Amino acid sequence: MRRAVCPGSFDPVTNGHLDIIGRASRLFDEVIVGVLINQSKRGLFSVEERIELLREVTASYGNVRVEAFRGLLVDFCRTQDAAVVVKGLRAVSDFDYELQMAQMNNGLAGVETLFMPTNPLYSFLSSSLVKEVAKWGGDVSAHVPDEVGRILGARLRAAAAE
């Protein structure tokens, strides 16, 4: 079975993420969306919420599952029996960083990385940018799944009130 991992923090998941996950699901028998648990960063959404949202928005793909992981990506790939990591690239600046990571992952565990250029519709999109625009009342509905859009504004307003 050809299995790949699409890793990230997904805080929140965007349409750009879904584009890469969907395209990867057509190339591999199974795609595991790996949600990184980073205890040094406090996300807008908890890991559990991100997993729930990802499961909801990827439910239409019969070969995608969502799992959390901590530690090295290559260790997660090993436990999932996945030999490939799929990463979306928005710009040349993404490539500089991701190439170093890909080479390290290959050197550590022989895990290959497939770089997938993002759809030009999403080339500027990041979770951080979505959160920033939404925080100031901007309409991000074209950039996130409906499920995310419904709760994002409310979550940001609640965070601002704290």
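Everything in this summary refers to the structure shown in the same document.

Thresholds, definitions, all that
Residues numbered from 1 in each chain as written. Predicted model: local features only at pLDDT ≥ 70, side-chain atom pairs only at ≥ 80, totals over all residues. Heavy atoms only, no water. Helix = DSSP H or I, 4+ residues; strand = E, 2+ residues; numbered from the N terminus. Buried < 20%, exposed > 50% of the residue type's maximum accessible area, 1.4 Å probe, protein only. Contact = heavy atoms within 4.5 Å. Expected span 1.5 Å × (residues − 1). Bend = angle between axes of the 7 residues up to and from the residue. Pairing = 2+ DSSP bridges. Axes fitted to C-alpha atoms, helices over the stretch in contact; angles between N-to-C directions. 1 Å grid on protein atoms, 1.4 Å probe; cavity = no way out; pocket = protein on both sides within 12 Å on 5 of 7 lines; lining within 4 Å. Points joined across faces, edges and corners; volume = space filled by probe spheres on them. Arc of directions from axis to C-beta.

### A word on the environment of Pro-117
Here is step 1: Examined against the element boundaries, Pro-117 turns out to sit in strand S5 (residues 112-117).
Here is step 2: What makes Pro-117 exposed here is its relative accessible area of 54%.
Here is step 3: Considered as a pair, Pro-117 and Arg-90 are 27 residues apart in the sequence and their alpha carbons are 6.4 Å apart.
Here is step 4: Ignoring any residue separated from it by four or fewer positions in sequence, one finds Pro-117 in contact with Ile-20, Arg-23 and Leu-89.

### Some words on helix H6 (residues 146-161)
Here is step 1: Between its terminal C-alpha atoms H6 stretches 24 Å, which fits the 22 Å expected from 16 residues at 1.5 Å a residue.
Here is step 2: Along its length, H6 shows its largest kink, about 25°, at Leu-152.
Here is step 3: Buried residues of H6: Val-148, Leu-152, Gly-153 and Leu-156, and no others.
Here is step 4: Those residues of H6 that are buried lie in contact with helix H2 (47-57) and helix H5 (127-135).

### Side note on the sheet that holds strand S3 (residues 64-69)
Here is step 1: Taken in spatial order, the five strands line up as S3-S2-S1-S4-S5 in an open sheet, and their pairing is parallel. Every interior strand has two partners, whereas the edge strands, S3 and S5, have only one. Direction aside, the axes of adjacent strands within the sheet are offset by 30° on average.
Here is step 2: The strands touched by helix H1 (residues 15-27) are strand S1 (3-8), strand S2 (30-36), S3, strand S4 (84-89) and S5; relative to S5, the strand with the most contacts, the crossing angle is about 125°.
Here is step 3: Where helix H4 (residues 92-109) meets the sheet, its contacts fall on S4 and S5, and the angle it forms with S5 comes to roughly 160°.

### Re unusual backbone geometry
Here is step 1: A cis amide bond links Asp-11 to the next residue, Pro-12, at an omega of 0°.
Here is step 2: Inspection of the secondary structure puts Pro-12 in the loop between S1 and H1.
Here is step 3: Its identity as a non-glycine residue notwithstanding, Phe-10 has a phi of 55°, on the positive side.
Here is step 4: Mapped onto the elements of the fold, Phe-10 is located in the loop between S1 and H1.
Here is step 5: By relative accessible area, Phe-10 is classed as buried at 4%.
Here is step 6: For Asp-81, which is not a glycine, the phi torsion comes out positive at approximately 55°.

### Details of the layout of surface pockets
Here is step 1: By volume, the largest pocket amounts to about 1300 Å³.
Here is step 2: Lining the largest pocket are 44 residues, with Pro-7, Gly-8, Ser-9, Lys-87 and Glu-98 sitting closest to its centre.
Here is step 3: Of all the secondary-structure elements, those providing two or more residues to the lining of the largest pocket are S1, H1, helix H3 (73-79), S4, H4 and H5.
Here is step 4: Of the residues forming the lining of the largest pocket, the biggest block, eight residues, is contributed by H4.
Here is step 5: Here the second largest pocket is characterised by a volume of approximately 200 Å³.
Here is step 6: As for the second largest pocket, its lining consists of 14 residues, of which Ala-134, Gly-138, Val-140, Leu-152 and Gly-153 are closest to the centre.
Here is step 7: Where the lining of the second largest pocket is concerned, the elements lending two or more residues are H5 and H6.

### A look at H2
Here is step 1: Val-47, Arg-50, Ile-51, Leu-53, Leu-54 and Val-57 are the residues of H2 that are buried. An end-on view of H2 places all buried positions within 165° of arc, on one side of the element. Away from its buried face, by an angle of more than 90 degrees, H2 presents the exposed residues Glu-48 and Glu-52.

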